[in-house]
Amino acid sequence: MPYDMPLYRPPSEAESLILQITQGCSHNKCTFCSMYKTKKFRILSEQEIEKHISWAKDYYPMARRIFLADGNALAIDSKLLKAIVKKIYNDFPNLERVTAYAGPRDILEKSETELKELRASGITMLYLGVESGSEEVLKLINKGVTAQEMIEAGQKARKAGFALSSTIILGLGGRVLRHEHAQETARVINEIGPEYLGALTLMVEDITPLASQVRRGEFLLLEPMEIIDELSGLIHNLDLRNCVFRSNHASNYLALKGTLNQDKEMLLSILNDAKKVGDKVFRPEGWRGL
Ligand code: SF4
């Protein structure tokens, strides 16, 4: 397979053909993230991209969905990216959607016109890792943007017509910032108003800077029940219109899904029941995985 490993995609792209037109993440500094620590970011040359698309065309010509990997394909120059997307639609006659991860900086660095043109070229949805809305947490995890910049990036993408799928990470404030994390994350998500919202749960991988902070006692992990409490606080403070909410990633202790705001009470009541029953209802720790 002509992929540079490791290769990641959002869970909802499980059935998509992946085109790896970039490798790694141009930021690659988030303290909790191990995804691309073994890679140096690079945009494939036009020749390499052509070769990759041509291989993919032979391999899966009827693809309906394509995900552009790796960590932030939107870092590619807009003119080149538009040309790539145009070629992809020409080469895959059944194609219905093209999606990609987008870092907040990538969105902010493109003009409104560039974003609208990229949307018009056929990139339908962007995945934006918000992680937290807390200024302090964003700084500690080295996300590279402020909470206000995150809001601006999300709003800019939505204004340009992209559907937006955002993820946040439960437990990312640790014990010290847990309340601020839940409250401020809800505020930032409310301001962005994404169509999809996924709440993952923090899992600390050995090779990350966060793991060293945990070992040194500088970052205190939450207990599973505190994560449930944090999720309750987050959902309580969310105010969204028709946002598909999922907290059913492999990292989560409880699998939840619903639409916000409609299903807010239902989700809160499941969480309240879980608090009464205790950790018997949780997925076992060994089951959780990335
Ligand atoms: S979380 Fe996203 S932006 Fe941060 S290092 Fe990982 S891939 Fe890059």
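Structural notes, computed from the coordinates. (Residues numbered from 1 in each chain as written. Predicted model: local features only at pLDDT ≥ 70, side-chain atom pairs only at ≥ 80, totals over all residues. Heavy atoms only, no water.)

A look at the environment of Leu197
Within the secondary structure, Leu197 sits in strand E8 (residues 196-201). Judged by relative accessible area, which is 2%, Leu197 ranks as buried. Residues Leu197 and His52, spaced 145 residues apart in sequence, show a C-alpha to C-alpha distance of 31 Å. Dropping the residues within four chain positions of it, Leu197 is found in contact with Ser166, Ile168, Ile189, Leu238, Leu240, Cys243, Val244, Phe245 and Arg246. (Helix = DSSP H or I, 4+ residues; strand = E, 2+ residues; numbered from the N terminus. Buried < 20%, exposed > 50% of the residue type's maximum accessible area, 1.4 Å probe, protein only. Contact = heavy atoms within 4.5 Å.)

Observations concerning the pattern of salt bridges
All told, the structure shown has 19 salt bridges when counted by the stated rule. When the shortest N-O distance is used, the salt bridge between Glu195 and Arg158 registers 3.0 Å. On the criterion of sequence distance, the pair formed by Glu195 in the loop between helix H7 (178-192) and E8 and Arg158 in helix H6 (residues 147-159) is long-range, its members being 37 residues apart. Given the relative accessible area of 33%, Arg158 is considered partly exposed. The partner of Asp229 in a salt bridge is Arg178, and the shortest N-O contact between them spans 3.6 Å. (Salt bridge = Lys/Arg side-chain N within 4 Å of Asp/Glu carboxyl O.)

Looking at the site of the ligand
Every residue close to the ligand is listed here: Cys25, Asn28, Lys29, Cys30, Phe32, Cys33, Tyr36, Glu131 and Lys143. Of the residues that constitute the shell around the ligand, the class distribution is 5 nonpolar, 1 polar and 3 charged. (Near = heavy atom within 4 Å. Nonpolar A, V, L, I, M, F, W, Y, C, P; charged D, E, K, R; others polar.)

Observations concerning the sheet that holds E8
Overall, mixed pairing links the 8 strands, which are arranged E1-E4-E5-E6-E7-E8-E9-E10 in an open sheet. The strands lining the two open edges of the sheet, one partner per strand, are strand E1 (17-20) and strand E10 (256-260). Put simply, the sheet's adjacent strands are angled 20 degrees from each other on average, direction ignored. As judged from the 5 bridges shared by strand E9 (residues 243-247) and E10, these two strands associate in the antiparallel manner. Bridge pairing links Arg246 to Lys257 in E10. Packing of helix H10 (residues 264-277) onto the sheet brings it into contact with E9 and E10, and relative to E10 it is tilted by some 150 degrees. (Pairing = 2+ DSSP bridges. Axes fitted to C-alpha atoms, helices over the stretch in contact; angles between N-to-C directions.)

Quick word on the environment of Tyr36
Residue position: Tyr36 is located in the loop between strand E2 (22-23) and strand E3 (42-43). For Tyr36, a relative accessible area of 3% translates into the label buried. A C-alpha to C-alpha distance of 27 Å links Tyr36 and Glu223, two positions 187 residues apart in sequence. Not counting the four nearest positions on each side in its chain, Tyr36 is found in contact with Tyr8, Gly24, Cys25, Asn28, Asp70, Gly71 and Tyr101.

Quick look at the environment of Ala182
With respect to the element layout, Ala182 can be found in helix H7. The class of Ala182 is buried, set by a relative accessible area of 8%. Taking C-alpha positions, Ala182 is 9.5 Å from His236, a pair spaced 54 residues apart along the chain. Setting aside anything within four residues of it in sequence, one finds Ala182 in contact with Glu230 and Leu234.

Quick look at unusual backbone geometry
The omega torsion across Met5 and Pro6 is 0 degrees, close enough to zero to call that bond cis. Residue position: Pro6 is located in the segment before E1. Here the residue pair Ala69 and Asp70 is connected by a cis peptide bond, since its omega of 0 degrees sits within 30 degrees of zero. Mapped onto the fold, Asp70 is located in the loop between strand E4 (65-69) and helix H2 (78-91). In this model, Glu131 sits at a positive phi of 65 degrees, which is unusual for a non-glycine residue. In this fold, Glu131 is placed in strand E6 (residues 123-131). Phi is positive for Asn142, close to 65 degrees, though the residue is something other than glycine. Turning to its location among the elements, Asn142 is positioned in the loop between helix H5 (135-140) and H6. We classify Asn142 as partly exposed; its relative accessible area is 35%.

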